[in-house]
Amino acid sequence: MLSSKKSILKRVLITIIAAIIAFSAISMVITKIVYDNIFTRYDCEYLSVPEELERTVENRITYQYNSGENRLCGFLYESTVQNGNDGLIVLAPGFNACADDYLWQIKSLNDYGWSVFAFDTTGCCHSEGESSVGFAQELIDIDATLSYIEQNGAFGYNDIMLLGHSRGGYAVCCALGYEHDVTAVVSVSGINSAMEGVIGSSVDKVGALAYCNYPFLWLYQSMLFGTKVMGMSADEALNSAGIPALIVHGSDDEQVPDEKYSIISHRDSIESQNVEYYICDESGQNGHTNLLFDDDGTANDELMKKINDFYISSIK
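All figures in this text were calculated on a predicted structure; none of them were measured in a lab.

K.L.:
Can you walk me through the packing of aromatic side chains in this structure?
P.N.:
Each aromatic ring pair is characterised by the separation of its centres together with the angle its planes make. Scanning the entire structure with this criterion turns up 10 aromatic pairs. Seen from their ring centres, Trp114 and Tyr311 are 5.9 Å apart, and the 65° between their planes marks the pair as edge-to-face. Of the two residues, Trp114 sits in the loop between α3 (103-111) and β4 (115-120) while Tyr311 sits in helix α11 (residues 301-315), which places them 197 residues apart along the sequence. In terms of burial, Trp114 and Tyr311 fall into one category: buried.

K.L.:
Sorry, what's going on with the state of the cysteines here?
P.N.:
As used in these notes, a disulfide is a covalent bond between sulfur atoms, one from each of two cysteines. Scanning the entire structure with this criterion turns up zero disulfides. Not engaged in a disulfide, the cysteine Cys98 finds its nearest cysteine sulfur in Cys125; these two sulfurs lie 3.4 Å apart. The structure places no disulfide on Cys124, whose sulfur is separated from the nearest cysteine sulfur, that of Cys125, by 5.8 Å. Judged by relative accessible area, which is 1%, Cys124 ranks as buried.

K.L.:
Would you explain the pairing of strand β2 (residues 70-77) in this entry?
P.N.:
The side chains of a regular strand alternate, residue by residue, between the two faces of the sheet. Among the eight residues that make up β2, six are buried, leaving the element largely enclosed by the rest of the structure. With five bridges connecting them, β2 and β4 associate as antiparallel partners. Looking at β4, one finds that Phe75 is bridged to Ala118.

K.L.:
Before we go on, may I ask you to explain the pattern of salt bridges in this structure?
P.N.:
Any two side chains of opposite charge can pair, given that their charged atoms come close. Evaluation of the coordinates by the stated rule reveals five salt bridges. Where Arg167 meets Glu138, a salt bridge forms, and the shortest distance between an N and an O atom there is 3.6 Å. Residue Arg167 is located in helix α5 (residues 167-174), and its partner Glu138 is located in helix α4 (residues 137-151); the two are separated by 29 residues in the primary sequence. Residue Glu138 is classed as buried on the basis of its relative accessible area of 0%. The salt bridge partner of Asp309 is Lys305, with a shortest N-O separation of 2.8 Å.

K.L.:
Where do I start with the packing of helix α2 (residues 51-58) against α3 in this structure?
P.N.:
Packed helices, taken two at a time, are described by their axes: the angle between them and the distance between them. Running from N to C, α2 and α3 cross one another at 75°; their axes reach a closest spacing of 10 Å. What the angle tells us is that α2 and α3 run roughly perpendicular. Taken together, the residues of α3 that come into contact with α2 (itself represented by Glu52, Leu53, Thr56 and Val57) are Leu103, Trp104, Ile106, Lys107 and Asn110. Along the lines of polarity and charge, the residues of the contact of α2 with α3 split into five nonpolar, two polar and two charged.

K.L.:
Help me out: how do you make sense of the sheet that holds strand β1 (residues 61-67) in this one?
P.N.:
Each strand in a sheet pairs with another by means of backbone hydrogen bonds, the pair being arranged parallel or else antiparallel. What the eight strands build is an open sheet, ordered β1-β2-β4-β3-β5-β6-β7-β8; its pairing is mixed. Two strands in the sheet have a free side with no partner beyond their single neighbour: β1 and β8 (275-280). Direction aside, the axes of adjacent strands within the sheet are offset by 20° on average. Across four bridges, strand β6 (residues 184-188) lies against strand β7 (residues 245-250) in parallel orientation. Bridged to Val186 within β7 is Leu246. Across the face of the sheet, α3 comes into contact with β2, β3 (87-92), β4 and β5 (159-165) while running at roughly 160° to β4. Strands in contact with α4 are β1, β2, β3, β4 and β5; relative to β1, the strand with the most contacts, it is inclined by about 120°.

The rules behind the values
- Residue numbers run consecutively from 1 along every chain, following the written order of its sequence.
- Local features in this predicted model are restricted to residues whose pLDDT is 70 or higher, and side-chain atom pairs enter the listing and the counts only when it is 80 or higher, whereas totals over whole chains, interfaces and linings include all residues.
- With hydrogens and water set aside, each side-chain value is computed from the structure's full complement of heavy atoms.
- Any two rings among Phe, Tyr and Trp, with Trp reduced to its six-membered ring, count as a pair given centres within 6.5 Å; such a pair is stacked if its planes are under 30 degrees apart, edge-to-face if over 60, and tilted if neither.
- Only DSSP runs of H or I covering at least 4 residues are called helices, and only runs of E covering at least 2 are called strands; the numbering of each starts at the N terminus.
- Per-residue accessibility, obtained with a 1.4 Å probe over protein chains only, is compared with the maximum for each type, and a residue is labelled buried under 20%, exposed over 50%, and partly exposed between these values.
- Cysteine sulfurs are considered disulfide-paired once they come within 2.5 Å of each other.
- A pair of strands is considered paired only if DSSP assigns at least 2 bridges between the two.
- Salt bridges are defined as contacts in which a side-chain nitrogen from Lys or Arg sits within 4 Å of a carboxyl oxygen from Asp or Glu.
- The convention used is that axes are lines fitted to C-alpha atoms, helices contributing only their stretch in contact, and that angles between N-to-C directions extend from 0 to 180 degrees.
- The scheme is simple: roughly parallel for angles under 35 degrees, roughly antiparallel for over 145, roughly perpendicular for 65 to 115, oblique for anything else.
- Contacts are assigned to residue pairs with any non-hydrogen atoms lying within 4.5 Å of each other.
- Residue polarity follows a fixed list, in which Ala, Val, Leu, Ile, Met, Phe, Trp, Tyr, Cys and Pro are nonpolar, Asp, Glu, Lys and Arg are charged, and the others, Gly among them, are polar.

Rendered as structure tokens:
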């Protein structure tokens, strides 16, 4: 009788273990399929440059440099305005966006006297890469970008400032966790961490099922990027660095809601006294991307003035 019970218990345990293994294998396959479907290569369509931006594009200087095995493409937009500003702003684009999507913002910064270095991330537009790899790839790319700029003597500029949108907003804040000499950072519509960003995208694709796959999403990304990168978050980086930072978010951002995933949703955990917050709540300019633009499609003048004033106050 005892032997029979042991035999039954053994079969039950084997069945449970087999079920766990099967579930894990299926979950990893599903995770990879969904993940790779999200982070495909992004190639921008032909950009028709408005007349007001033609000189901005014509005068830019193109650079190529490595991020891992891929060559990234970056563009230096030098300001011709002589007003005492001696800073270079490194612009990190959002997910499925390229440097050219921010030409109006770049022109505005140039007009204020700032030079700008904008780049395409891995697997996007002018940069190499069969895919955009994952959310955390932009953190790796901006680390490579800053290293390249530093190797080139910061192109002669005294202050390096960061500006990022969405995925780029996460990357510029987390980049403070690396040993780069950064004067100030501005994050627009930023997501707090790679894991939160991926969960948000996955929920959009498969609904609440994404939360069931949370451990497998973490494992898969850790295999791609390492646990150090996956453990980095904007709120912790801002606390550790303590440098001036401006966190911008739209009050009606449906893509990265201000109450979850976003940097601003972690406001209570940000203890640095050098962090400021700016909420865009004007109707039609309070979403995820439209907060960057005015009704005529040019840069949001009010927001760009706020960013300019912040950078000026940060270098004094």
